[in-house]
Amino acid sequence: MRYRILGGTGIEVSAHCLGTMMFGAVGNPDHEDCARIIHAALDQGINFVDTADMYSGGESEEIVGKALKGRRDEVVLATKVHFHMGEGEPGQGRNRSGNSRRWIVQAVEESLRRLDTEWIDLYQVHRPDHATDIEETLSVLSDLVRAGKIRAFGCSTFPAEEIVEAHRVSERRALPRFRTEQPPYSILARGIEADVLPVAQRYGMGVMTWSPLASGFLSGKYRLGEPVDMTRGRAALMPARFDPSIPGNVTKLEAVEQLVEVADSIGCSLPELAVAFPVAHPAVTSVIIGPRTMDQLESLIKGAGLVLDDATLDRIDEIVPPGHNVYHPDGAWKPPALTDAALRRRPLGDRAAG
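Residues numbered from 1 in each chain as written. Predicted model: local features only at pLDDT ≥ 70, side-chain atom pairs only at ≥ 80, totals over all residues. Heavy atoms only, no water.

Section: the overall build of the protein
For step 1, the next point in the chain: From N to C terminus, the protein includes 14 helices and 10 strands.
For step 2, the next point in the chain: For 354 residues, the compact-globule estimate of 2.2 N^0.38 gives 20 Å, and the C-alpha radius of gyration of the protein, at 21 Å, lies within 12% of that figure.
For step 3, the next point in the chain: If you line up the protein on its principal axes, its C-alpha atoms span 70 × 55 × 45 Å.
For step 4, the next point in the chain: Counting across all 354 residues of the protein, residues that qualify as buried make up 53%.
For step 5, the next point in the chain: Residue pairs in contact within the protein that sit at least 24 positions apart in sequence constitute 76% of those at least 6 positions apart.
For step 6, the next point in the chain: When the 39 basic and 49 acidic side-chain charges of the protein are each reduced to a single mean position, those positions are 4 Å apart. (Helix = DSSP H or I, 4+ residues; strand = E, 2+ residues; numbered from the N terminus. Rg over C-alpha atoms; globule rule 2.2 N^0.38 Å. Buried < 20%, exposed > 50% of the residue type's maximum accessible area, 1.4 Å probe, protein only. Contact = heavy atoms within 4.5 Å. Lys, Arg positive; Asp, Glu negative; His and termini not counted. Charge placed at Lys NZ, Arg CZ, Asp CG, Glu CD.)

In structure tokens:
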């Protein structure tokens with residue numbers, strides 16, 4: 001296992017990070033099995049574990065906390081805050097999301113309790129929040145560092161301009177800065193090579209990338225011309241992502257066929273190729289792998305030892321050009337200026353004005 005320094009923090013982390021989004025009701029509800037997967041990953045040299053408060057409504061953090069009993073000091077533990085947490089009577093869920101001081105102060109305590117730990121090594125803001133001034137967010141995160149509740153903080157799935165703005169505010173207000181960014185990155189989704197990764201390098205940030213298997217399209221499970229069972233699993237939940245009759249999905253499958261040839265030519269599987277690709281970029285510190293089963297862990301971790309040579313990377317560039325997205329990464333943040341029609345349309349009465 002290779003190790004790298006995380007964003008100038010001096011914290012040494014494995015070049016592959018164990019993601020735990022699939023631990024809990026959303027993926028694997030067997031807590032003991034999930035613990036075995038975590039222990040197996042640690043035994044194979046992974047010392048970096050990433051979770052989030054919203055994964056299975058906090059269940060993932062609880063699983064991680066139980067699994068790390070007696071091994072906490074071995075692990076660099078990361079979690080995230082932003083998405084809505086909790087149900088209840090009308091009004092009880094208000095202010096239980098976002099990047100405000102009010103919510104972050106409460107959310108970190110809840111994460112510490114679920115993780116059964118006294119500190120979090122890396123606390124990440126899961127998405128931007130335009131309802132909260134970035135100075136407010138940076139200020140409370142700075143306070144949490146001083147209080148010893150977290151060691152460092154970062155952001156996740158922030159566009160390049162939001163990262164730059166956060167660093168400018170940190171400098172202007174003499175606040176600690178985001179040390180890391182966690183973006184989606186795979187052979188099929190290379191858009192961040194044009195902006196996010198160069199910005200992260202400029203500011204000396206660590207980068208932990210997620211979804212190296214491109215939401216399963218680089219797992220080898222989906223092949224051109226082969227039927228897809230649309231009645232179960234991810235395909236049933238998100239048919240537009242997997243329906244082979246949709247042109248965009250055909251484009252992904254065509255790229256997969258070419259990538260299978262590349263993998264075969266160097267004697268590895270498609271998942272191994274996919275997992276090895278992001279870590280080859282000089283801006284990437286660690287690649288998050290998110291297994292649901294032990295077999296998936298063993299398959300993914302094989303890619304941790306694979307080093308792609310220039311000839312292989314050149315062939316990948318020919319299939320998917322640098323900076324190009326074959327598809328928009330699922331879960332990636334979209335600015336309100338695009339999602340909220342009211343922000344891109346003048347009031348009706350103003351449209352006729354001169």
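And the narrative resumes.
Looking at helix α1 (residues 31–43)
Think of an α-helix as turning once every 3.6 residues; residues three or four places apart then point the same way.
For step 1, the next point in the chain: With 13 residues, α1 extends 18 Å from end C-alpha to end C-alpha; this agrees with the ideal 18 Å at 1.5 Å per step.
For step 2, the next point in the chain: Turning to α1, its buried residues number three or more, namely Asp33, Cys34, Ala35, Ile37, Ile38, Ala40, Ala41 and Leu42.
For step 3, the next point in the chain: Those residues of α1 hidden inside the fold are in contact with β3 (16–19), β4 (48–50), α2 (59–67) and α11 (294–301).
For step 4, the next point in the chain: Capping of α1 at its N-terminal end is provided by aspartate 30; its side-chain oxygen lies 3.1 Å from the backbone amide nitrogen of glutamate 32.
For step 5, the next point in the chain: Of the residues one or two after α1, glycine 45 is the one with positive phi, at around 105 degrees. (Expected span 1.5 Å × (residues − 1). Polar contact = N/O pair within 3.5 Å; in protein donor to acceptor, adjacent residues only side chain to side chain.)

Section: unusual backbone geometry
Apart from glycine, the bulk of residues carry a negative phi angle, and the bulk of peptide bonds sit in the trans form.
For step 1, the next point in the chain: Its identity as a non-glycine residue notwithstanding, serine 211 has a phi of 60 degrees, on the positive side.
For step 2, the next point in the chain: In this structure, alanine 214 takes a positive phi of about 55 degrees despite not being glycine.
For step 3, the next point in the chain: Relative to the elements of secondary structure, alanine 214 occurs in the loop between β9 (206–209) and α7 (233–237).
For step 4, the next point in the chain: What makes alanine 214 buried here is its relative accessible area of 0%.

Concerning the side chain of glutamate 59
For step 1, the next point in the chain: Relative to the assigned elements, glutamate 59 resides in helix α2.
For step 2, the next point in the chain: Lysine 66 provides the closest opposite charge to the buried, salt-bridge-free glutamate 59, at an N-O distance of 7.3 Å.
For step 3, the next point in the chain: Here the side chain of glutamate 59 touches alanine 25 through a polar contact of 2.9 Å, landing on its backbone nitrogen.
For step 4, the next point in the chain: Discounting chain neighbours no more than four positions away, the residues touching glutamate 59 are Gly24, Ala25, Pro29 and His31. (Salt bridge = Lys/Arg side-chain N within 4 Å of Asp/Glu carboxyl O.)

Observations regarding the side chain of aspartate 121
For step 1, the next point in the chain: Along the polypeptide, aspartate 121 turns up in strand β6 (residues 120–125).
For step 2, the next point in the chain: For aspartate 121, the side chain forms a polar contact with the main-chain nitrogen of leucine 77, separated by 2.8 Å.
For step 3, the next point in the chain: Setting aside its immediate chain neighbours within four residues, aspartate 121 contacts Arg72, Val75, Val76, Leu77, Arg151 and Ala152.

Thoughts on a negative patch on the surface
For step 1, the next point in the chain: Negative charge collects at one region of the surface, where Asp309, Asp310, Asp314 and Glu318 lie side by side.
For step 2, the next point in the chain: Within the element layout of this structure, aspartate 310 appears in helix α12 (residues 310–319). (Patch = residues over 30% accessible without salt bridge, like charges linked within 9 Å, V, L, I, M, F, W, Y side chains within 5 Å. Areas by Shrake-Rupley, 256 points an atom, 1.4 Å probe, with all protein chains shown as cover.)

Observations concerning the environment of tryptophan 103
For step 1, the next point in the chain: Mapped onto the elements of the fold, tryptophan 103 is located in helix α3 (residues 101–115).
For step 2, the next point in the chain: Sequence spacing of tryptophan 103 and valine 81 is 22 residues, and the spatial spacing of their C-alpha atoms is 8.9 Å.
For step 3, the next point in the chain: Setting aside its immediate chain neighbours within four residues, tryptophan 103 contacts Asp53, Val81, His82, Phe83, Met85, Asn95, Arg96, Ser97, Gly98 and Glu110.

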